[in-house]
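So the chains spell out like this:
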Number of protein chains: 2
Amino acid sequence: MTTIAVDCMGGDHGVGVTLPACRLFLEQNPGAFLIMVGLREKVGHFSHPRATVVMASDVVAMDDSLEVALRRKKDSSMRVAIEQVKSGNAQAAVSAGNTGALMAISRYVLKTLDGIERPAIAGQIPNATGGATTVLDLGANVDCSAHHLLQFAVMGSALVAVLSNEESPKVGLLNIGEEVIKGNEVIKKAGELLRAAGKSGDLNFYGNVEGNDIFKGTVDIVVCDGFVGNVALKTSEGLASMIGAFLKAEFSRNMFTKFAAIIAYSVLNALKKRVDHRRYNGAALLGLRGLVFKSHGSADVLAFGNALSRAYDAARNNLLDRVQVRIAHAAPLLVPDDGTGDPGSGLASKT
Amino acid sequence: MTTIAVDCMGGDHGVGVTLPACRLFLEQNPGAFLIMVGLREKVGHFSHPRATVVMASDVVAMDDSLEVALRRKKDSSMRVAIEQVKSGNAQAAVSAGNTGALMAISRYVLKTLDGIERPAIAGQIPNATGGATTVLDLGANVDCSAHHLLQFAVMGSALVAVLSNEESPKVGLLNIGEEVIKGNEVIKKAGELLRAAGKSGDLNFYGNVEGNDIFKGTVDIVVCDGFVGNVALKTSEGLASMIGAFLKAEFSRNMFTKFAAIIAYSVLNALKKRVDHRRYNGAALLGLRGLVFKSHGSADVLAFGNALSRAYDAARNNLLDRVQVRIAHAAPLLVPDDGTGDPGSGLASKT
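Residues numbered from 1 in each chain as written. Chains lettered and ligands numbered in written order. Predicted model: local features only at pLDDT ≥ 70, side-chain atom pairs only at ≥ 80, totals over all residues. Heavy atoms only, no water.

A. Focus on the environment of serine 95 of chain A. All names here are of chain A. Tracing the chain through its elements places serine 95 in strand β4 (residues 92-95). Its relative accessible area of 2% is what places serine 95 among the buried residues. For serine 95, the contacting residues outside a window of four places in its chain are Asp7, Met78, Leu102, Phe293, Lys294 and Ser295. (Helix = DSSP H or I, 4+ residues; strand = E, 2+ residues; numbered from the N terminus. Buried < 20%, exposed > 50% of the residue type's maximum accessible area, 1.4 Å probe, protein only. Contact = heavy atoms within 4.5 Å.)

As structure tokens, then:
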């Protein structure tokens, strides 16, 4: 039995989206159970044979500071959902709320895995192969050492291995050129570590990739620090929005273009589907002693349902154990040797 | 009289593109003169009343190391073109060659301006307003201090003021959130410096922007380090290529979709024009004692012509003087106070 805890209050639309998405998810997954967390007046009426409703007295707002979310709202729906994972009642939690708060509370409640200093956010971006490229970190860590990037690579490999059934997914290091001499000092050092991990069999390391490779689908996983990953993601969203708005405006310009839009409908619809981030909604917070998935705040029922499905797939395929196994195997490489970070709980000595 | 020196050998297509583009440029700009640099057998036959041909004995290859380009090819077409600017024969140089080599040779031959430690590459990206956002740095500097980012902001403002006739263009700092507390230490410090420059009248500082703002056109200039800028640019190119390839494949799928493509032709053509990077070809190398413009290596005749036009506009509108005036005015802010860089040639004491 696999149970997912859902923060029903998070996101731009709250229960208007989360409750119908949960109901649909339960119908589509006869083996799944949900723990639905929210304010009594918002979720109290929800009833399903495979759902338990758990009350929370507070809600983390999208603009709450970490301080407020973490210290003053100890009975928020977000926190209570994560505590369901901590206590073992649920195998994963899903929230569409404030990303920073979700990461901070998850880290506080669940703690990080042995050997991991920094949890990371791993999301999927649709690529030209018809699949998606997993990119991490998407914004949890604005400054990363080379060892952090190696940890992201190991965790991302475990995620893709579990969710895409690809035992040895290809990892690329995001850089500004393919040559090993490119990039800043952190990136060059990360390249060395990743090559070493490739040689020791801990990773399938492809080499450096550039921004356009995310969309080419050159590799399964692209590793970068959270600043760069966030900029790449939002830049792409901005371009996709611009193209979408432009096509809409041009096709509604006059009678002729409106007619053209009808004729071209199937193609435009296919394009929309292809770049539809809703299909890939549900970013994983990796490196914690428990599974947490983040839905986009603007998610609709379809998108939130996809985040639930990803969490469910990860949980029933034991993503957590598989991340831990890979981390343990790569442990000798993961210990910083240059004072750039704390080796966590001393999983391994440098060998 | 404004003269532009052209490296006719650079780029993927060499003289096949540069010579026809130069001829067209001369026809369209009756006040312009060109100094065309290349191998005798490639450019020796070119003749025009407003063009001088200058021979070079070598060519910098796209994959030459900086060492080779700088030390072993001292008579390359790229270097000879830049030397025309140094000697005052030309007011700007244009090359479609190896970006790293172009920056290194430009820096070596021309030197940096007083108060500037790091030259930057400033390019234009089309945005939703129908205009373009100027983004710098696009890859010259993989590690930047807060002071470098401030210098980029001042130089970018001068560039946009000259080329877009917008006296006080809006500057945004690329970050992973709008709030001033977002970002890493360098970005937060850069935000402080930019706000101070805004208050002292040296800049029109808008505040933090995110990746999607590049395409929204929220500001005229987006400032970031070269690693982030390069990733953002290449990620956008990758997404645009993916969408282009997808539309092409979908519209040629069958008779019906081919018919739809004919009907939708005007719209698709307008989209192509809108996101056509050829229109915005010609990135400025800013911060040098001379104007140098970089064309995309894959430029065709139209694109290379646009790079020539941008260089010509910059030269006849005295971009160099205007950058210098702005830098001098902002000098008290540009001097590092934290040992992160050399204040150049001691333009100003800290006040």
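B. Fine view of the interface of chain B and chain A. Taken residue by residue, the interface counts 48 residues in chain B and 48 residues in chain A. Here chain B meets chain A over a buried area of about 4,300 Å², counting both sides, of which 81% is carbon and sulfur. On the chain B side of the interface with chain A, the three residues burying the most area are Ile176, Phe227 and Met242 of chain B, jointly 16% of the side's total. On inspection of chain B and its partner chain A, the count reaches four residue pairs in polar contact (both at pLDDT 80 or more). Of all the secondary-structure elements, those providing two or more residues to the side of chain B that touches chain A are α7 (185-199), α8 (211-216), α9 (226-251), α10 (255-263) and α11 (265-274) of chain B. Residue contributions to the side of chain B that touches chain A peak at 18 residues, all from α9 of chain B. Of the residues belonging to the side of chain B that touches chain A, the class tally is 28 nonpolar, 14 polar and six charged. (Buried area = accessible area lost by both parts, 1.4 Å probe. Polar contact = N/O pair within 3.5 Å; in protein donor to acceptor, adjacent residues only side chain to side chain. Nonpolar A, V, L, I, M, F, W, Y, C, P; charged D, E, K, R; others polar.)

C. Just the sheet that holds strand β10 (residues 283-286) of chain A, in detail. All names here are of chain A. Spatial ordering of the open sheet is given by β3-β2-β1-β4-β11-β10-β5-β6-β9-β7-β8, a layout of 11 strands whose pairing is mixed. Sheet topology places β3 (51-55) and β8 (204-209) at the edges, where each strand pairs with a single neighbour. The sheet shows a mean angle of 25° between the axes of neighbouring strands, direction not considered. Pairing between strand β5 (residues 120-126) and β10: three bridges, direction antiparallel. The partner of alanine 120 across the bridge, within β10, is leucine 286. Sheet strands touched by helix α4 (residues 77-86): β1 (2-7), β2 (32-38), β3, β4 and β11 (291-294). Its angle to β1, the strand with the most contacts, is close to 165°. Against the sheet, helix α5 (residues 99-110) touches β4, β5, β10 and β11, its axis set at about 175° to β11. (Pairing = 2+ DSSP bridges. Axes fitted to C-alpha atoms, helices over the stretch in contact; angles between N-to-C directions.)

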